[in-house]
Amino acid sequence: MGRIWAIARLTISEAIRTRLAISFMALLAGLIVLIVATASGDGTVAGKVQMFMSHTIGITHLLLSLLVIFLAARMVDQDIRTQRIDSLMTKPLARWQFLAGRWLGILLLATFLLGLVMGASYGVVRFFSREATGVDAVKLENQVLVARTSYRPSLPDVSEQVERIVRERGQDEELAELTPRKMRELVRDRLITASRTVGPQQGRTWTLTGLPKPQEGSSDATDLLTLRFKYEPSKNTEGVAEYQLHSNTILGQWIIGRRESPNQHMWLDAKPYRTANEIRVPINAIEADGTLELSFINRDPRGVAVNFPMEDGIEVLVRSGRFGPNFVRAFLLVLLTLVFLTTLALACSTFLSFPVASLLTVSIFFVGLAGGFLWDSIGLWGTDQGTATFLEVFGKIVREGTVWARVSHTITFLLLHLIPILDVGIFTDRLIDGRMIGWVEVMAGFVKLVAVQSFLLAIFAVMIFRRRELGRVIV
Amino acid sequence: MDHRQRDVVVETVALTKNFKDFWGRDKVRAVDDLNLQIHQGEVFGLLGPNGSGKTTTIKMLLGLLYPSRGRARLFGKDPSDVSAKSRIGYLPEETRLYQFLDSVETLDFYGRLFKLDGSERDRRTDALVEMVGLSAAATRPVGQYSKGMARRIGLAQSLINDPDFLILDEPTSGMDPIGTRSIKDLILELKTRGKTILLSSHLLSDVEDVCDRVAIMYGGKLLCCGPVSELLAQQEMTQVVTERLSGEQVRELTAYMAETLGTNVVSVGTPRDRLEQFFLRIVRQAQEEMQLKTSGALAGGQVSEFLRARGDEPIEGAALLDQLSSVEEPRAAEGSAVKEIRREPVRTDVLEQLAQGREPESREAEGDSVKEVHPEKAEVDRSVLDGLVDGSGGQEGGVEKGNR
């Protein structure tokens, strides 16, 4: 470890004294100051805090990613190109120790810089939060500076109904042209959609289970749960002056809690559709057994049916942790992406020159940033809306695709599976939305990005570097 | 395994290196079927013109290049073996160090790679910085050093582990005469400690001064290899040095030798200081008398204690020079008595023997070696070496013929 540590110290010293790290930090500091000065959000303190965190983490991740890529790709190449490696590798230093030292040094520097920025950001968030008063303060504490777990109604088991309908209506013109599998999928989708649709003047009840049990006698007004819902109307609505209803709204009644319970909360209002709406009620609406009953009655007089989309139509958010630890977990997830990028850049630099290694790594980084988008794009292509497994998709291509489709999609899917999704916006959005980022997710990220992908890259890098002739001789 | 075999520090067997082009085709054969052995305690010179394969050979010995064929062993192990590398020191042909580190940081860093503890690192760092004469520039980044100063810190880093085997590739390149002299002093000092040294240099006088054996390479092949004394001695001639003779005395002596011994005198002249000795004396006088200061490299101090033979007294710079110039009287010459050490002591017995028509007795009988008589060196036929350096080839010769 002593030798690895010596190389790590050298790496940190090199990054700082050659002013590369300092330049990046100066740029980052300038951008953060700019964000602090311009962050406004939706005009509330909560919005301002959300905007600040979102932009700061995004910028920090981008710049630190580029920093570790350039450092890792440059240092090994420089050592070889300038022949400094001659003096180095003739010391009792194994080649893997050299790479490990460089890796450790870059990551220690990146961890320090990331910690510095995240720590400063946390301070700014707390500073902003002191400005919040009244409803703004409640919103900030319950929607942003909190870690909430999401609960959604479970999908009903409709398998028996599916089989019955297929038996009874399998010869219908609409279904007869489909394969049995497609037929079942179509029927199932329709039944599930129906279970989340409420007709005019009708009601529907969902029961959520596994929620945290409320404390005995809990009625603290600040300890709230949030019902978040999104309406999808069967048709657009017009304004009705008689009921003081605006266009593009749905008048609905929500009953949160068991009907006969004293802790039941009722709510009636017209809210816009195709956008997320929130209702906050005391947490004592949850039963002692951890269940929560939700009822919706479609009170809209305009004769419109309301559907709640599968993904985000109905969810209940319950406080399950504090903002600080959630912030730390977000920090760790950013760090995991830096570990992967450092390893990747180092691996590339063992056989490529600095410009090529850095260009390749940056390209992979940007593919990783767009990973979610690419998955969505390609997932929509004949892959059952992205719900199919890799093997299912691969099998489908091999069975049904043209030669070009087989080649191109195989390469694309392999690349997408090899390149991890490096878009930190996925969990930054959850952080600023006050949603829990669990330790399980951090561990999963660690296993995937570090224990598997980075480890394999490291083995590859050491194998290449051991075989490489480091001495330069001009003949 | 006999004694010689056990003492082998470096061994190459049919060592061959081909450099390939982009398509993997052989482009150049830099080293061709090289068989060498370097033994413990030996100062071994590797000579050859540019592109003869010296550096390639060294880099294969260090594991920086891999042989295309054959093998190299350091202390009986593969060059990439970490335990073997812990016993070597290497001064590359070009000193390439981390330019943002200063001398002390540089040596501290390399000391860490040898897992030296903190106090030992500090001790060796201070001693080496002093030894190579960089005390005044110790806190300046290495990137601001002149080429010669960089060479000095490069040399220091190669010594931080007190190596058993030291590889010096063009060690005096870019150095002033003081630094050159210091390196030669150091080589001889290390030799007294039983260290093994491989010296690659274009400067033939440097090699000649310090090496026990030399190998000459050309076009990747080993042309010849053997002890310096045997390779350079002109066995068919004898040199006599006396106190100054007048022209008349010279004529008489010449006539006497022709008549009595039947021997022709080939040349008669006055021994001269070598320019290196003269330069060193002038600079030392300036340092001692004028107390001139410089922000660059200093003359350097005594050889660091941890590098000296155990039980040796510290050897001051001037005394060390004297010792080097007169091996048989290492402590006799004090101060700057350079001329004195350059002169062979008067051998009246030889003249008497000559006058009596007897062959002079060899000094080897007294435990000294004739090869230490310096004026001979000016007369040595260098046609073999110079021819090779000029690239014009040279006559084949030597004790051990290499493969061609």
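Up top is the structure.
Just so you know, these numbers come straight off a predicted model, no measurement behind them.

(A) Layout of a nonpolar patch on the surface. All names here are of chain A. Together, Met443, Phe446, Val447, Val452, Phe455, Leu456, Ile459 and Met463 line one region of the surface with nonpolar side chains, adding up to about 750 Å² of accessible area. Here Val447 shows up in helix α16 (residues 439-467). What makes Val447 partly exposed here is its relative accessible area of 42%.

(B) Representation of the interface of chain A and chain B in the model. Contact with chain A, which involves 34 residues of that partner, is made by 31 residues of chain B. Note that Lys59 of chain B and Asp86 of chain A form a salt bridge whose closest N and O atoms lie 3.0 Å from each other. Remark: the boundary between chain A and chain B carries 15 residue pairs in polar contact (both at pLDDT 80 or more). For the side of chain A that touches chain B, the elements supplying multiple residues, two or more each, are α1 (2-17), α4 (84-89), α5 (95-129) and α16 of chain A. Sorting elements by how many residues they give to the side of chain A that touches chain B places α1 of chain A first, with eight residues. Among the residues forming the side of chain A that touches chain B, the class breakdown is 12 nonpolar, seven polar and 15 charged.

(C) Fine view of the environment of Ile59 of chain A. All names here are of chain A. Residue position: Ile59 is located in helix α3 (residues 45-81). Taking C-alpha positions, Ile59 is 7.5 Å from Leu28, a pair spaced 31 residues apart along the chain. What Ile59 contacts, discounting residues up to four positions off in sequence, is Leu28, Leu31 and Ile35.

(D) Expanded view of the packing of α3 of chain A against helix α10 (residues 323-349) of chain A. All names here are of chain A. At a closest axis distance of 8 Å, the pairing of α3 and α10 adopts a crossing angle of 25°. Classified by the angle their axes make, α3 and α10 are roughly parallel. The crossing of α3 and α10 is right-handed. Facing α3, whose interface residues are Met53, Ile57, His61, Leu64, Ser65, Val68, Ile69, Ala72, Ala73 and Val76, α10 presents Phe323, Phe327, Val334, Thr337, Leu338, Leu341, Thr342, Ala345, Leu346 and Ser349.

(E) Focus on unusual backbone geometry. Residue and element names in this part refer to chain B. One non-glycine residue, Asp162, lies in the positive phi region at around 50°. Locating Asp162 in the fold gives a position in the loop between α6 (147-159) and β6 (165-169). Phi at Glu170 takes a positive value of approximately 50°, unusual for a residue other than glycine. Along the polypeptide, Glu170 turns up in the loop between β6 and α7 (177-192).

(F) Structural context of a negative patch on the surface. A surface patch of like charges, here negative, comprises Asp117, Asp122, Asp126 and Glu130 of chain B. A residue is classified by how much of its surface remains accessible, and Asp117 of chain B, at 48% relative accessible area, is partly exposed.

(G) Structural context of α16 of chain A. Residue and element names in this part refer to chain A. Across its 29 residues, α16 extends 39 Å between first and last C-alpha, which sits within 8% of the 42 Å expected from 1.5 Å per residue. Along its length, α16 reaches its greatest deviation from straightness, about 35°, at Ser454. Looking at α16, one finds that the buried residues are Val442, Gly445, Leu449, Val450, Gln453, Ser454, Leu457, Ala461 and Phe465. On its buried face, α16 sits against α3, α4, α5, α10 and α14 (403-418).

(H) Layout of the pairing of strand β2 (residues 26-39) of chain B. All names here are of chain B. Summarising the sheet, strand β1 (residues 8-20) and β2 pair through nine bridges and their orientation is antiparallel. Counted as the bridge partner of Asn18 is Arg29 from β2. Count of turn residues in the β1/β2 antiparallel hairpin: five residues, of which Gly24 carries a positive phi of about 85°.

Rules used in this analysis
- Residues numbered from 1 in each chain as written.
- Chains lettered and ligands numbered in written order.
- Predicted model: local features only at pLDDT ≥ 70, side-chain atom pairs only at ≥ 80, totals over all residues.
- Heavy atoms only, no water.
- Patch = residues over 30% accessible without salt bridge, like charges linked within 9 Å, V, L, I, M, F, W, Y side chains within 5 Å.
- Areas by Shrake-Rupley, 256 points an atom, 1.4 Å probe, with all protein chains shown as cover.
- Salt bridge = Lys/Arg side-chain N within 4 Å of Asp/Glu carboxyl O.
- Helix = DSSP H or I, 4+ residues; strand = E, 2+ residues; numbered from the N terminus.
- Buried < 20%, exposed > 50% of the residue type's maximum accessible area, 1.4 Å probe, protein only.
- Contact = heavy atoms within 4.5 Å.
- Polar contact = N/O pair within 3.5 Å; in protein donor to acceptor, adjacent residues only side chain to side chain.
- Nonpolar A, V, L, I, M, F, W, Y, C, P; charged D, E, K, R; others polar.
- Axes fitted to C-alpha atoms, helices over the stretch in contact; angles between N-to-C directions.
- Parallel < 35°, antiparallel > 145°, perpendicular 65-115°, else oblique.
- Left-handed = near helix turned anticlockwise from the far one by under 90°.
- Lys, Arg positive; Asp, Glu negative; His and termini not counted.
- Charge placed at Lys NZ, Arg CZ, Asp CG, Glu CD.
- Expected span 1.5 Å × (residues − 1).
- Bend = angle between axes of the 7 residues up to and from the residue.
- Pairing = 2+ DSSP bridges.

By themselves, these are just geometric observations and shouldn't be taken as functional.
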